[in-house]
Amino acid sequence: MSEPAISVEGLAKRYKIGLAARTDRSFREALTDWVSAPWRRFRALSEPASAEETFWALKDVGFQVAPGEVVGIIGRNGAGKSTLLKILSQITLPTEGRAVIRGRVGSLLEVGTGFHPDLSGRENIYLNGALLGMTRAEITRQFDAIVAFSGIEGFLDTPVKRYSSGMRVRLGFAVAAHLEPEILIVDEVLAVGDAEFQKKCLGKMDGVAKSGRTVLFVSHNMAAVESLCTRGVLLEHGRVVYDGPSGEAVGRYLRSMESAVTSDLATRADRQGDGACRIVDLWLEDDDGRRVGSVGPLEPFSIVLQYECDRHVELRRHLDLSVTVNDPYAGQWYHLDLQTAGGMIKGLGRTGRVACRIDSGVALRPGRYWLNTFVRIDHALADWVINAAPLMIHEADVLGMGRLPVAGRLCAVYRWCAVEPSMQLDATGAYSPSGVKA
Amino acid sequence: MSDRADSNGVEPASAAGIRFTDMSTVDTTHVAAIDPAAVGPAARKADVRVIAPRRGALGVDPGELWRYRELLYFLVWRDLKSRYKQTVLGAGWAIIRPVMSMVVFSAVFGGLAKMPSDGVPYPIFVYAGLLPWTLFSGAVSLAGVSLITQRGLLTKVYFPRVYIPASCIGVVLVDFLLGAGVYAAIMLYYGHLPGASLMLAPLLLAVLLLLAMGMGLLLAAVTVTYRDFQSIIPFMMQTWMYLSPVVYPTALVPERFRWLLLLNPMTGVIGAFRSCLLNHPIDWAALGVASCGSVVIFGLGLVYFSRAERRFADIA
């Protein structure tokens, strides 16, 4: 093999973190604080941060990627995946170490970067393509293919602001998919769009990988990582903890996830958001209000969230709460969000509990699933925890027949009956010809 | 990752609902064939990037600016296209605005205050000053906040950052050319035609653009860290206008204070612009000082911008 396409040595990135807000104790202190605040803020913005104000998003990261290799970067939220991609995409500089990249890089950290809402789809294809590093001639040559891939033929001259979010994503991915770089760097962009389009995107990625290009791919979708990537790099707290076959990397990631869950949700650091409101505990309750460790398929239960906010969340603010049920392979099974369910919770106190009762139960087959929690206040992400807690579904005799389901991913309540006249077992246990019984 | 969360309250990222077994059926027909020439060893050798902490003073790479030249074009094109979308008068605004300013200033300063105007009708006097001033203040105001208004680009895609403030100047330049056309019409109306000194205009424009670019780069880089400048810039430009001979002639300032006026490079530029348009003798000394000042400010702006550039994505 020739020289590596990507070679990373001792890469580290230090970020400055904001210090905790000061709490005022008296009017006099509040006043002096207010007067001295500009000076304090000026120093905070100007001076290099001291050691306790910084954290290392990446530390001593090293690996090499050969041309044509497809490598998945996996790890929990806050493990440094996005920072790594940003450094390799030259968006931000490393604090230490170096990376050498041989070949034309196309990086896709966001779908539809730089779309201008007032411009038409046609105009935005050119703009977005140019931002991603394509020349005008390349865009013109690929234009028809981009339009065909995105499936927005009828709306080419409509301003993008009138597009649905799905259309915008499709257009954005279509442009990026035709970038034809030698090295493709992709952040979790497949997580958007409808299932059919996601499949198309994965297909495109698979094609890129098979055509001999080098791909670096970040995802929480373990199925995609295992099937697309030959190799996986597992990051934890900014360090590479495993680098090897993708199957093994995924296995280690899943195990590390379980060990994270044993730690207290309140102290978990692998979360994102400004922390205005945090989910500090989460458990399952049955209909009698008892905490339970697992539930049966199609059995009603409640997911109770204990939260802590840094101030009251008033009625007039827009609150988004959601819990999702996932498994690392299949992705999301259920998305249980407050607004779709009518937005019945209007405000939050400083601390408290909210619950989501799942009246129908979940139709999942026995196994271990994961709950993600997501809180957003006035469209600003407050707290997002992936795999906040496991959801255990135990074996249950759903049909009450003394048998367990044999196979299939989901359960249903069902029964069989004859439609055309045929022999059906009647109540007395004797066979008799009969039609449909109600 | 919060910026990927869409407004419907849908949880971002982990939402991928692709099933493991579906991979066999995925659509691979759209995969473009790879161009062997593009991935040959020759291309690879030419395309080696080293990413490492940068400490040098100047981070602007002329080769890279050239490679991305089409992007500058697209950024200017985007702003021009989107600028007057959903307006009734469209690009007419580029003409109406300077004319309105001229009318207001002529009424207030020419009509009410009886401001002297170097022996020409006040409207053509003030417009000759407004033309370069509007270009300068428009370019600096837009460029100064450009990194903040377009921070979405800073954190998601790589390209020479200089092009963000630079593209603002391109947009204002188009307005300037339209305004210059209006000025030609006004001069025809007053029967006051420029002479051979008009040949100097492109050079003056170059000095003006250098100065505007320097200030724009400086303010853009400062504003990323200190957002206060979003509020400071409009006030600063207004004050600067009254410190420059836009609505009054330099001759109005007492002789012994005139050197103070020269500290402001816009004095020399506006004075020379006006002289060249109105066919008056040019104050070469003032223009010389202004040109040197512009080169210095441009240099300072470029150095400060490229030093600050490395932090943009982290603090924008």
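(A) Representation of the overall build of chain A in the model. From N to C terminus, chain A includes eight helices and 21 strands. Relative to its 438 residues, chain A shows a buried fraction of 43%. In chain A, 70% of the contacts between residues at least 6 apart in sequence involve partners at least 24 apart.

(B) Region of the structure containing the packing of helix 4 (residues 69-83) of chain B against helix 8 (residues 163-190) of chain B. All names here are of chain B. Relative to each other, helix 4 and helix 8 sit at 50°, their axes nearing to 9 Å. Comparing their axes, helix 8 and helix 4 come out oblique. The handedness of the crossing between helix 4 and helix 8 comes out as right-handed. Taken together, the residues of helix 8 that come into contact with helix 4 (itself represented by Leu71, Leu72, Leu75, Val76, Asp79, Leu80 and Arg83) are Tyr163, Ala166, Ser167, Gly170, Val171 and Val174.

(C) Structural context of the packing of helix 6 (residues 122-149) of chain B against helix 10 (residues 229-243) of chain B. Residues and elements named next belong to chain B. Between helix 6 and helix 10, the least distance of the axes is 10 Å, while the angle of their chain directions is 170°. The angle between helix 6 and helix 10 falls in the class roughly antiparallel. Two secondary-structure elements touch here, helix 6 through Trp133, Ser137, Val140, Ser141, Gly144, Val145 and Ile148 and helix 10 through Phe229, Gln230, Ile233, Pro234, Met237 and Met241. Looking at side-chain class alone, the contact of helix 6 with helix 10 contains nine nonpolar, four polar and no charged residues.

(D) Representation of the pairing of strand 3 (residues 70-74) of chain A. Residues and elements named next belong to chain A. Across the five residues of strand 3, five count as buried, placing the element largely inside the fold. Pairing geometry for strand 3 and strand 7 (residues 214-218), over four bridges, is parallel. If you follow Val71 over to strand 7, its bridge partner there is Leu216.

(E) Region of interest: the confidence of the model for chain B. Residues and elements named next belong to chain B. Counting all residues, the mean pLDDT for chain B is 81, and 84% of those residues have values of 70 or more. Per-element confidence in chain B is highest for helix 9 (residues 201-225), whose mean pLDDT is 94, and lowest for helix 1 (residues 36-39), whose mean pLDDT is 40. Across residues 1-45, confidence stays below pLDDT 50; counting only partners more than four residues off in sequence or on other chains, it has 93 contacts. Interface scoring of the predicted complex returns ipTM 0.78; its pTM is 0.74.

(F) Molecular detail of the sheet that holds strand 1 (residues 48-51) of chain B. Pairing is antiparallel in the open sheet, where four strands are placed in the order 2(A)-1(A)-4(A)-1(B). Across the chains shown, the open sheet's two edge strands, defined by having one partner strand only, are strand 2 (54-65) of chain A together with strand 1 of chain B. Between one strand and the next, the sheet's axes are offset by a mean angle of 20°, whatever the strand orientation. Strand direction decides the pairing type here: strand 4 (residues 96-102) of chain A and strand 1 of chain B, joined by four bridges, are antiparallel. Opposite Ala99 of chain A, over in strand 1 of chain B, you have Ile51 of chain B as the bridge partner.

(G) Representation of the domain arrangement of chain A within the structure. Residues and elements named next belong to chain A. According to the domain assignment, chain A consists of domain 1 (56-259) and domain 2 (271-393). Computed over C-alpha atoms only, the centres of domain 1 and domain 2 are separated by 29 Å. Every contact between the two is made by nine residues of domain 1 and, on the other side, eight residues of domain 2. Only helix 7 (222-228) and helix 8 (246-262) provide two or more residues apiece to the side of domain 1 that touches domain 2. Across the side of domain 1 that touches domain 2, the residue classes tally to four nonpolar, four polar and one charged.

(H) Summary view of the nonpolar core. Grouped together as the largest cluster of nonpolar side chains are 151 residues, with contacts concentrated most on Leu88 and Phe217 of chain A together with Ala139, Ala212 and Val269 of chain B. Beyond its immediate chain neighbours, meaning those up to four positions away, Val269 of chain B contacts Pro132, Leu204, Val207, Leu208, Leu211 and Ala290 of chain B. Of all hydrophobic cores here, the second largest spans 33 residues; its members include Leu321, Leu338, Leu364 and Trp370 of chain A.

(I) Representation of the sheet that holds strand 14 (residues 301-309) of chain A. Residue and element names in this part refer to chain A. The four strands are arranged 12-11-14-17 in an open sheet whose pairing can be described as antiparallel. Only two strands of the sheet have a single neighbouring strand rather than two, namely strand 12 (291-292) and strand 17 (351-358). Where strand 11 (residues 277-285) lies against strand 14, eight bridges are found, and the strand directions are antiparallel. The residue bridging Trp283 from the neighbouring strand is Val304, located in strand 14.

(J) Structural context of the environment of Arg213 of chain A. Residue placement: Arg213 of chain A occurs in the loop between helix 6 (195-210) and strand 7. When the C-alpha atoms of Arg213 of chain A and Pro67 of chain A are compared, they prove to be 6.7 Å apart, with 146 residues separating the residues in sequence.

(K) The environment of Thr87 of chain B, seen in detail. Along the chain, Thr87 of chain B turns up in the loop between helix 4 and helix 5 (93-112). Judged by the 10 C-beta atoms lying within 10 Å of it, Thr87 of chain B falls in the exposed class.

(L) Spatial organisation of the pairing of strand 18 (residues 367-377) of chain A. All names here are of chain A. Taking burial as the measure, the 11 residues of strand 18 include nine buried ones, the bulk of the element. Relative to strand 18, strand 15 (residues 319-327) runs antiparallel, the two sharing eight bridges. Paired with Ser322 across the two strands is Phe374, which belongs to strand 18. Note that strand 18 and strand 19 (residues 380-393) share 10 bridges and pair antiparallel. Paired with Val375 across the strands is Asp383, a residue of strand 19.

About the cut-offs
- The numbering scheme is per chain: residues are counted from 1 as the chain's sequence reads.
- Throughout, the order in which chains and ligands are written sets their labels, letters from A for the former and numbers from 1 for the latter.
- A pLDDT threshold of at least 70 governs which residues receive local features in this predicted model, and a stricter bar of 80 or more applies before side-chain atom pairs are shown or counted, although totals over entire chains, interfaces and linings include all residues.
- By the criteria applied, helices consist of DSSP H or I runs no shorter than four residues and strands consist of E runs no shorter than two, each listed in order from the N terminus.
- Each residue is classified by how many other C-beta atoms fall within 10 Å of its C-beta atom, where C-beta atoms are placed from the backbone; a count of 20 or more means buried, 12 or fewer means exposed, and values in between mean partly exposed.
- With C-beta atoms placed from the backbone, a contact is any residue pair whose C-beta atoms sit within 7 Å.
- Fitting a line to C-alpha atoms yields each axis, with helices limited to the stretch in contact; the angle taken between N-to-C directions then spans 0 to 180 degrees.
- Under this scheme an angle from 65 to 115 degrees is roughly perpendicular, one under 35 degrees roughly parallel, and one over 145 degrees roughly antiparallel; angles in between are oblique.
- Helix crossings are classified by the rotation of the near helix relative to the far one: an anticlockwise turn of less than a right angle makes the crossing left-handed, while a clockwise turn makes it right-handed.
- Each residue is assigned to one of three groups, with Ala, Val, Leu, Ile, Met, Phe, Trp, Tyr, Cys and Pro labelled nonpolar, Asp, Glu, Lys and Arg labelled charged, and all others, Gly among them, labelled polar.
- Paired strands, in this sense, are two strands between which DSSP finds at least two bridges.
- How sure the predictor is of each residue is captured by pLDDT, a score from 0 to 100.
- What fixes the domain bounds is an automatic or database domain assignment.
- To define a nonpolar core, we join buried Ala, Val, Leu, Ile, Met, Phe, Trp, Tyr and Cys residues through C-beta atoms within 7 Å and take the resulting set.

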